[in-house]
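# Coordinates in review
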Amino acid sequence: MAQDSSSPGSGPQRILLVTGLLGAGKTTALRTLEDLGWEAIDNFPIRLLDRLLETEPGSARMESGAPMAIGFDTRTRGFDPARTIQLVKKLSQRKDIEVTTLFLDCGGAELERRYNETRRRHPMSEDKPASTGIMAERELLEPLRRWADVVISTTSFTSNDLQQAIRDQFGDVTASAPTLTISSFGFSRGTPPLADLVFDMRFLANPHWVDELRPQTGQDPAVGDFIRQDPAFAEAFQRIRDLLLLLLPRYRQQGKAYVHVAFGCTGGKHRSVFMAEQIASALRAEGFSPTLLHRNLASRAADLLEGRKA
């Protein structure tokens, strides 16, 4: 895997100043950045930014090299757009940091709708309509909006849309893939509650009905050979493999941290175990690193249920 651009010794530390209109999505943006590995600080007195970055060489912060996202808005104590711009200009002259300003904008009508929906009062409207506070805030922030390196309008955005925009703009293309779990289970003991994808293997021939295979499991070669002989196995395996190879990169793009793919059969001992093993092996060959779990492999009582179900 390529080295993260924020790792020690790979260049200046990235500093992202996140500001904009109240209600435009600053909190969502900072949470998304935090999920991306940024060190996020909200409502920081921006006048103290130079002090925050006055770290001696060799300090813990400098050694970590983690990118830092700092959120502030008109509610922040001592907020002054002109002074903020001058401070950023001064910091931009330093070679050990790289400062970027993100401004989150939003249409007035949409902001009014959001305030009405949340029943919150705009801090600058006092006893007047929210539109009055929004207009005053927009006028105050206009110099900072013009100065910002990146402006994102969230007028037509859902929360997920904004998260995706932040990932696209500030995510590290070398970020690790979601934590992938491949598991087997028995339907007789219920479906895994947190599985993202569940595949039912009960359409395959059941090794339970072969006396010499019954005490074995899907990890034994004889059971695997038996399941492979089912005419439906090869095509089903290929289609499931191809589907996962399509979906897993998409989950990564959407910022999903965990993906759990579960394979089930009646008792969780033969068919589901074998398919989980085969799919995990195929995904490893494609560069993935799945964790393999067999929930009911040692559940002997499930044998009693095999005779009543497929």
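Calculation criteria
Every chain is numbered independently, its residues counted from 1 as its sequence is written. Whole-chain, interface and lining totals are the exception, using all residues; otherwise, since this is a predicted model, local features are given only for residues with pLDDT of at least 70 and side-chain atom pairs are given and counted only at 80 or more. As a rule here, side-chain values cover all heavy atoms of the structure and leave hydrogens and water aside. Between N-to-C directions, angles cover 0 to 180 degrees, with each direction set by a line fitted to C-alpha atoms, over the stretch in contact for helices. A run of DSSP states H or I qualifies as a helix once it reaches four residues; a run of E qualifies as a strand once it reaches two. Both are numbered from the N-terminal end. Any angle that is under 35 degrees is reported as roughly parallel, and any over 145 degrees as roughly antiparallel; angles of 65 to 115 degrees are reported as roughly perpendicular and all others as oblique. Crossing handedness is read from the near helix: turned anticlockwise from the far helix by less than a right angle, it gives a left-handed crossing, and turned clockwise, a right-handed one. Note on contacts: a residue pair qualifies if any of its non-hydrogen atoms lie within 4.5 Å across the two residues. All amino acids are sorted into three groups, where Ala, Val, Leu, Ile, Met, Phe, Trp, Tyr, Cys and Pro are nonpolar, Asp, Glu, Lys and Arg are charged, and the leftover types, Gly among them, are polar. Among the buried residues, those of types Ala, Val, Leu, Ile, Met, Phe, Trp, Tyr and Cys that are joined through side-chain atoms within 4.5 Å form a nonpolar core. Per-residue accessibility, obtained with a 1.4 Å probe over protein chains only, is compared with the maximum for each type, and a residue is labelled buried under 20%, exposed over 50%, and partly exposed between these values. DSSP-based pairing: two strands are paired if at least 2 bridges between them are found. Planes of paired rings set the category: under 30 degrees apart is stacked, over 60 is edge-to-face and the rest tilted, where pairs are Phe, Tyr or Trp rings (Trp by its six-membered ring) whose centres lie within 6.5 Å. Only Lys NZ and Arg CZ are tested; either one counts as a charge over a ring when it is within 6 Å of the ring centre and within 35 degrees of the ring normal. Each helix should span, by expectation, one fewer than its residue count multiplied by 1.5 Å.

### Some remarks on the packing of helix 5 (residues 108-118) against helix 6 (residues 130-147)
Closest axis-to-axis distance for the helix 5/helix 6 pair is 10 Å, and the angle between their directions is 130°. The angle between helix 5 and helix 6 falls in the class oblique. For the element pair helix 5 and helix 6, the recorded crossing hand is right-handed. Contacts between helix 5 and helix 6 involve Gly108, Leu111, Glu112 and Tyr115 from the first element and Ala130, Ser131, Ile134 and Arg138 from the second. Residues that form the contact of helix 5 with helix 6 fall into these classes: 4 nonpolar, 2 polar and 2 charged.

### Observations concerning the nonpolar core
With 43 residues, the main nonpolar core has Leu17, Leu33, Leu49, Ile70 and Leu102 as its most contacted residues. Per-element accounting of this core gives the leading share, 5 residues, to strand 4 (residues 97-105). Among residues more than four places away in sequence, those in contact with leucine 17 are Ile46, Leu49, Ile70, Phe72, Val88, Val99, Thr100, Thr101 and Leu102. The next biggest cluster of nonpolar side chains, apart from the first, holds 24 residues, and it includes Phe233, Phe263, Ile279 and Ala282.

### Digging into the sheet that holds strand 1 (residues 13-20)
Across a sheet, strands are paired by hydrogen bonds formed along the backbone, either parallel or antiparallel in direction. Judged by pairing direction, the sheet is parallel, and its 5 strands sit side by side in the order 2-3-1-4-5 without closing on themselves. Every other strand in the sheet has two partners, leaving strand 2 (39-41) and strand 5 (150-153) as the edge strands with one partner each. Taking the axes of each pair of neighbouring strands and ignoring which way they run, one obtains an average angle of 20° across the sheet. Sheet topology note: the strand 1/strand 3 (residues 68-71) ladder contains 4 bridges and is parallel. Of the residues in strand 3, the one forming a bridge with valine 18 is glycine 71.

### Observations concerning the packing of aromatic side chains
The full count for this structure, using the stated rule, is 6 aromatic pairs. Each ring, one from phenylalanine 233 and one from phenylalanine 237, has its centre 5.9 Å from the other, and the planes form 20°; the classification is stacked. Taken as a pair, phenylalanine 233 and phenylalanine 237 lie in helix 9 (residues 233-253) at a separation of 4 residues, close to a single helical turn. Judged by centre distance (5.5 Å) and plane angle (40°), the ring pair of phenylalanine 233 and phenylalanine 274 falls under tilted. You can see phenylalanine 233 sitting in helix 9 and its partner phenylalanine 274 sitting in helix 10 (residues 271-285), a full 41 residues away along the chain. Look at phenylalanine 233 and you get buried, because its relative accessible area is 7%. Among the aromatic residues, those joined into a ring-pair cluster are Phe233, Phe237 and Phe274. Taking the ring centre of phenylalanine 187 as reference, the NZ or CZ of arginine 202 above it sits at 3.8 Å.

### Thoughts on helix 7 (residues 159-170)
At 3.6 residues per turn, the α-helix brings residues three or four places apart onto the same side. Between its first and last C-alpha atoms helix 7 spans 16 Å; for 12 residues at 1.5 Å apiece the expected length is 16 Å, and the two agree. For helix 7, the full list of buried residues reads Leu162, Gln164, Ala165, Ile166, Arg167 and Phe170. Residues of helix 7 that are buried sit in contact with strand 1, helix 1 (26-35), strand 4, strand 5 and helix 9.

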